[in-house]
Amino acid sequence: MGQGGEPRRAQAYDGELGAAVARAQDGDESAFAVVYRIVQPGLLGYLRGIVGDDAEDVASDAWLEIARDLGRFKGDGAGFRGWTATIARHRALDHLRRLRVRPRASALEQDVLDLPGPHDTHDQVVESLSTERALDLVRGLPPDQAEAVLLRVVVGLDGPAAARVLGKRPGAVRTAAHRGLKRLARQLGVEGVTDDGPRTLGESK
Amino acid sequence: MGERTSGGGDAHRRHAHPARCAPDTDGHPQVEALLTRALRHPDVAPERERQAVAAFRAAREAGAHRARTRRRDDWRPRAQRHTVRSLRATLSVVLASLALGGVAVAAIGSSGSSQGSADDGAPRTPSASAPDDRRAGPAPTVTSGTSAGQDRPPSAQDTEAQCRAYDQVAGRGKALDATAWQRLLAAAGGEENVTAYCAAHTASATPAPENSRGGGGGQDKSGEGADPAAGTTGDAGNGNAGNTEGGGDTGAAGDTATVGSTGNNGRPEPEKTPDAKGGEQ
């Protein structure tokens, strides 16, 4: 896999993003604003998943670096997403280190997370998911799974790009993303749940 | 990975692209859509955007955008980057295999040449490693002890080799005069007895190959072993070319011929040595 053969996963606006990056590299300020608007949502979502409330601050740090090093970047729109995610991740890790990493969800919170939320029902497919709950669920995943899921789904990176951001083998990232999503699916009562009965409280993850 | 249909249909999500492989997240499109909608929002704070643009301006003015691309900044599609990497990888593999091949060839060559000197080819007259001994034939017989060039006392391996060589050279008068022949003759008690002696001897030695690989090399019966080219048959896979050649070799010249002998072209075969020697019996 990934021997240069796996096509890149293109997102909406990747083409537009690539063009805007090129113009910004030539000095076009408004193009840079476009770049920001396209990239920031995914970046913020990713950062919220790994640093929680301080995501906006970390994102601002990341954008300083992105703005400064813009000229160094080489690649297309999808590559830009990977490059900016890497920068954001480094800033996030620095941030966590400064704070001496906050502990993950406590045991009590875990029980809470297992309860069906107001948006979930046993028999219906979950139609929407609040940001709050989504974050809770994702942050309840093992860190490698959380990051893999966030990079793949929220930032929209393909397998090889996500692996590069994380500094791991593509296979490991693939597995982590798969497991993370499976677990989330179970928690959300979405496809993948094998038991037909009502969800049990404190269901093992 | 097959075509992945985007279950979410979210405009902000990826385009459905026919050529694209399904991502590893295949199978959970609903979860992905939910997560995306829940977590991916436009930034509601305009001041952050302003700050970012200001930083961009400052960097531009400072000429930071002329900086070079570091490895970590190169995110071009893998096809472009991959070519260079694969070329390098290919070259390194080719060079590595050539190097290994070269070593192997050299190994064969060196052992072959030492064999060659000891025992030349068809009429493999068992003789001392010194080439002239061989050719000389008649003369050296006198210098028995030393001419062999070996200080080793004749051993069963030697006999083995001698007998084998005898078959090769039977009838070729000169060969019979070589020192090793003399030994064989002495041991056998005369020329007419050699055949019987050899028969008895090689028969007893036959099982030896099973005893140890080491012994096997020296005693390869398969085609008289006299053939250096075929030497390898004697000792499969033993990497020890000297060893395999056991063939006709001259017991005298033994080192190369028989397995386990220390003379194995310096190739260390420690475990073989005792076996080879013992295996003969």
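Just so you know, the residues in each chain are numbered from 1, in the order the chain's sequence is written. For this description, chains carry letters from A and ligands carry numbers from 1, given in the order in which they are written. It should be noted that, the model being predicted, local features are given only for residues of pLDDT at least 70 and side-chain atom pairs only at 80 or more, the latter also being counted only at that level, while totals for whole chains, interfaces and linings use all residues. The side-chain values count all of the structure's non-hydrogen atoms but skip hydrogen atoms and water molecules.

*Asks:* Honestly, the pattern of salt bridges in this entry has me stumped. Any pointers?
*Replies:* One side chain can pair with another of opposite charge once the charged atoms of both are near each other. Salt bridges are defined by distance alone: a side-chain nitrogen of Lys or Arg within 4 Å of a carboxyl oxygen of Asp or Glu. Following the criterion strictly, the structure yields 17 salt bridges over all chains and no others. In this structure, arginine 81 of chain A and aspartate 14 of chain A form a salt bridge, with 2.7 Å as the shortest nitrogen-oxygen distance. Here the residue arginine 81 of chain A occupies a position in helix H4 (residues 77–98), and aspartate 14 of chain A occupies one in helix H1 (residues 14–25), the gap between them amounting to 67 residues. Comparing arginine 81 of chain A with aspartate 14 of chain A, the two get one shared label, buried. Salt bridges linked by common partners bring Arg68, Asp69 and Arg72 of chain A together with Arg70 and Asp73 of chain B together as one network. Each helix corresponds to a stretch of at least 4 residues labelled H or I by DSSP, and each strand to a stretch of at least 2 residues labelled E; elements are numbered beginning at the N terminus. Working definition: with a 1.4 Å probe on protein chains only, accessible area under 20% of the residue-type maximum means buried, over 50% means exposed, and in between means partly exposed.

*Asks:* Please explain the nonpolar core as it appears in this structure.
*Replies:* In this structure, Phe32, Leu47, Trp63, Phe80 and Leu151 of chain A together with Leu35 and Leu39 of chain B are the most contacted members of the largest nonpolar core, which totals 71 residues. At 13 residues, the largest contribution of residues to this core is made by helix H2 (residues 29–51) of chain A. For the domains described, the bounds stem from an automatic or database domain assignment. In this structure, this core is formed jointly by two domains, domain 1 (12–102) and domain 2 (106–205) of chain A, each of which donates at least three residues. In what follows, residue pairs with any heavy atoms lying within 4.5 Å of each other are defined as contacts. Look past the residues within four positions of phenylalanine 32 of chain A in its chain and what remains in contact with it is Ala24, Trp63, Ala67 and Leu70 of chain A together with Ala52, Val53 and Phe56 of chain B. Core analysis: the second largest hydrophobic core is formed by six residues, Cys163, Leu184, Ala188 and Val194 of chain B among them. In plain words, nonpolar cores are sets of buried Ala, Val, Leu, Ile, Met, Phe, Trp, Tyr and Cys residues tied together by side-chain atoms within 4.5 Å.

*Asks:* Just to check I follow, could you spell out the confidence of the model for chain A for this structure?
*Replies:* Residues and elements named next belong to chain A. pLDDT gives the predictor's per-residue confidence on a scale running from 0 to 100. Per-residue confidence for chain A averages 83 on the pLDDT scale, and 75% of its residues sit at or above 70. Counted against residues more than four places away or in other chains, residues 1–8, with its pLDDT under 50, gives 23 contacts. Predicted confidence for residues 105–113 stays below pLDDT 50, and this span has eight contacts to residues more than four positions away or in other chains.

*Asks:* It is not clear to me how the packing of aromatic side chains should be interpreted in this structure. Could you clarify?
*Replies:* Both the distance between ring centres and the angle between the ring planes are used here to describe each pair of aromatic rings. Residue and element names in this part refer to chain A. Stacked, edge-to-face and tilted are the three classes for Phe, Tyr and Trp ring pairs, Trp counted by its six-membered ring, which pair at centre distances within 6.5 Å; planes under 30 degrees apart are stacked, over 60 edge-to-face, the rest tilted. This model, assessed by the stated rule, comprises six aromatic pairs over all chains. The interplanar angle of 90° and the centroid separation of 6.0 Å between the aromatic rings of phenylalanine 32 and tryptophan 63 together place this pair among those described as edge-to-face. Note that phenylalanine 32 is positioned in helix H2 and tryptophan 63 in helix H3 (residues 55–69), a separation of 31 residues in sequence. For phenylalanine 32, a relative accessible area of 0% puts it in the buried group.

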